[in-house]
Amino acid sequence: QRLKAAVHYAVGCLCQDVAEDKDVQFSKQTIAAISEITFRQCGTEGYFLILCRHAKRSTVTTEDVKLLARRSNSLLKYITQKSEELASSNMEQKEKKRKKSSAAKAGKTPGEQEAAVNESEDSNMA
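A brief look at the structure comes next. Small disclaimer: the values here were computed from a predicted structure and weren't measured.

Within the element layout of this structure, serine 35 appears in helix α2 (residues 28-51). Residues contacting serine 35, with those up to four places away along its chain left out, are Val7, His8 and Val11.

Looking at where serine 83 falls in the secondary structure, it is placed in helix α4 (residues 73-105). By relative accessible area, serine 83 is classed as buried at 13%.

Our focus in this paragraph is a nonpolar patch on the surface. A cluster of nonpolar residues, Val18, Val24, Phe26 and Ile34, forms a patch on the protein surface that exposes about 270 Å² of accessible area. Judged by its relative accessible area of 38%, valine 18 is partly exposed.

Residue position: glutamine 25 is located in the loop between α1 (2-22) and α2. Given the relative accessible area of 78%, glutamine 25 is considered exposed. Taking the C-alpha atoms as reference points, glutamine 25 and cysteine 15, separated by ten residues in sequence, lie 8.3 Å from one another.

Here is what the cut-offs are and how they apply
All residue numbers refer to position in the chain's written sequence, counted from 1. The predicted nature of this model means local features are confined to residues of pLDDT at least 70 and side-chain atom pairs, given and counted, to a pLDDT of 80 or more, with totals for whole chains, interfaces and linings taken over all residues. The side-chain values count all of the structure's non-hydrogen atoms but skip hydrogen atoms and water molecules. What counts as a helix is a DSSP run of H or I of at least four residues, what counts as a strand is a run of E of at least two, and both are numbered from the N terminus. Note on contacts: a residue pair is in contact if any heavy atoms of the two residues lie within 4.5 Å. Burial status follows relative accessibility: with a 1.4 Å probe on protein chains alone, a residue under 20% of its type maximum counts as buried, one over 50% as exposed, and anything between as partly exposed. Distance thresholds for patches are 9 Å for like charges and 5 Å for nonpolar side chains (Val, Leu, Ile, Met, Phe, Trp, Tyr), applied to residues having over 30% relative accessible area and no salt bridge. Computed with the Shrake-Rupley method and a 1.4 Å probe, the accessible areas treat only the protein chains shown as cover for residues. Salt bridges are counted wherever a side-chain nitrogen of Lys or Arg sits within 4 Å of a carboxyl oxygen of Asp or Glu.

The analysis is restricted to geometry; functional conclusions fall outside its scope.
See the structure below:
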C-alpha cells in the first residue's frame with residue numbers, strides 16, 4: 001500500500017511538472033488512472049524480470065532490462081545511454097583504484113600517489 005502511494009505521489013509530481021511546462025492541467029482522476037496503470041505495469045515488468053531466473057542466474061542484468069524496454073524506443077535509448085555512462089564511470093573508478101594500489105606497492109606517500117594518478121589522467125586526456 002505504501003508503494004502504491006509512493007507511485008501515486010511520483011506520478012502526481014511528474015504531472016505537475018508537465019502541467020507547468022506545457023500549460024495544461026491534469027484532473028485528480030487522470031492522475032489516479034496514470035498511477036494505477038504505472039503501478040500495474042511495474043508489477044508486470046517486475047514479474048518478467050523474476051522470470052529471467054529461468055537462465056539460472058540470481059542477478060538481473062542491464063541486458064534483461066533492455067530486453068524488457070525494447071517496445072519503447074525512447075526508453076530503450078535512455079536505458080542504453082545510462083548503462084553506458086555507468087559502465088564508463090565504473091571503469092574510471094577501477095582504473096584510479098588500480099593506479100593507487102600500484103603506487104602504494106611502489107612505496108609512495110598518499111600525496112605522491114595522488115600526483116601520480118592526476119599526472120596519468122592528464123596524459124590520458126592528451
